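# Structure assessment
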Amino acid sequence: MELTVTLHNGNIMPKVGLGVFRVEEGQEAVNAVKHAIVSDYQSIDTAMIYKNEESVGEGIRQGLEEAGIDRSELFITSKIWLDDFGFDTALQAYEASLERLGLEYLDLYLIHWPGQDTEKFIETWKALEQLYNEGKVRNIGVSNFNIEHMETLLAQASVKPVINQVEFHPYLDQKELRNYLAEKQIVMESWSPLLNGDILTNEVINNIAEKHGKSPAQVIIRWNIENDVVVIPKSVTPNRIEENLNVFDFQLSQEDLYEIEQLNEDRRIGPDPADFTGK
Ligand SMILES: NC(=O)c1ccc[n+]([C@@H]2O[C@H](COP(=O)([O-])OP(=O)(O)OC[C@H]3O[C@@H](n4cnc5c(N)ncnc54)[C@H](OP(=O)(O)O)[C@@H]3O)[C@@H](O)[C@H]2O)c1
């Protein structure tokens, strides 16, 4: 099985990456990112609002050196927060993220949430399009966009987003949005895939894990991959970081997939994008 997905613009993105939400700026972030890179991760997902971009950047530098690989082998994502919405402010926010990370370009820059002001997210998207057209960022996308947000954006965009990063786990299977995005050739990426760890005690998931000799986390990560969803589990624990990437040597059966599908309750742990203001 391929380790990467091809985006609609022909660029590739790793199917599994490291998420760093709630990873503390300082040694915790440096160590997690460095450990991921030396353990063969190529993708790291951060955001301005996580307030750890500087340490993520340091972890990247240390990881590259220790692994003996080049920056071009990595896929680094960050996101613009609602406070920076607007054309000029978005351009500045991008530069500020680059500076904190100590990078010359990002592989993916996302609008973190749509917010409540349609004009503002369109203006922001236009700035991202400019960054993309000027070759300053490799790919642009969105996060937490529902179908309505996507329709509004697509009606006015000249560059189609490559990704929509949304909450996705067995209790929130996002079937409608997933089908919609697939039709538009926009890849879905999941956040909180492990439900912050809470899905790992689920009995169905544990039974499937036992059958395959894998951990519950590996079953969930593999389930994302088999649903064509890019996945970025967060961990600061070295053996879990390694475990979460070790998902390419087994396959879920049709029966496993069916059992997991039955767990859906359309239940969110995060805010509903329809009414999230960022406050
Ligand atoms: N776009 C958005 O609005 C948005 C929102 C939320 C998150 N995200 C992104 O999505 C990423 C992932 O989501 P998340 O951080 O909310 O949560 P998550 O990945 O669902 O869960 C992380 C939790 O699971 C634990 N864990 C990880 N691997 C494990 C394993 N193999 N076995 C047992 N426990 C394990 C971690 O513990 P330890 O760290 O202690 O090992 C941590 O407590 C974020 O880091 C962020 O990059 C984006």
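Keep in mind that this is a model prediction, so the values were computed, not measured. (Residues numbered from 1 in each chain as written. Predicted model: local features only at pLDDT ≥ 70, side-chain atom pairs only at ≥ 80, totals over all residues. Heavy atoms only, no water.)

### A few points about the overall build of the protein
Broken down by element type, the protein carries 10 helices and 10 strands. The C-alpha radius of gyration computed for the protein amounts to 18 Å, which stays within 12% of the reference 19 Å derived for 279 residues, consistent with globular compactness. C-alpha extents for the protein along the principal axes are approximately 55 × 45 × 35 Å. Here the analysis covers contacts within the protein between residues at least 6 apart in sequence; of these, 74% occur between residues at least 24 apart. Summing over all exposed atoms, the protein offers an accessible surface of approximately 12,400 Å²; the carbon and sulfur share of this is 44%. (Helix = DSSP H or I, 4+ residues; strand = E, 2+ residues; numbered from the N terminus. Rg over C-alpha atoms; globule rule 2.2 N^0.38 Å. Contact = heavy atoms within 4.5 Å. Areas by Shrake-Rupley, 256 points an atom, 1.4 Å probe, with all protein chains shown as cover.)

### Some details on the UniProt feature "domain: NADP-dependent oxidoreductase" (unreviewed entry) in the protein
The sites that UniProt annotates as "domain: NADP-dependent oxidoreductase" (unreviewed entry) are residues 17-265. As a span, residues 17-265 carries 46% helix and 13% strand, and end to end its C-alpha atoms are 26 Å apart. (UniProt positions renumbered as here; feature names shortened; annotations may be inferred.)

### So, the pairing of strand β5 (residues 75-80)
The buried count for β5 comes to six of six residues, which makes it a mostly enclosed element. Going residue by residue along β5, you find F75, T77 and K79 tucked away on one face and I76, S78 and I80 tucked away on the opposite face as well. Across three bridges, the pairing between strand β4 (residues 43-45) and β5 is parallel. Residue pairing in the sheet places I44 in a bridge with I76 of β5. (Buried < 20%, exposed > 50% of the residue type's maximum accessible area, 1.4 Å probe, protein only. Pairing = 2+ DSSP bridges.)

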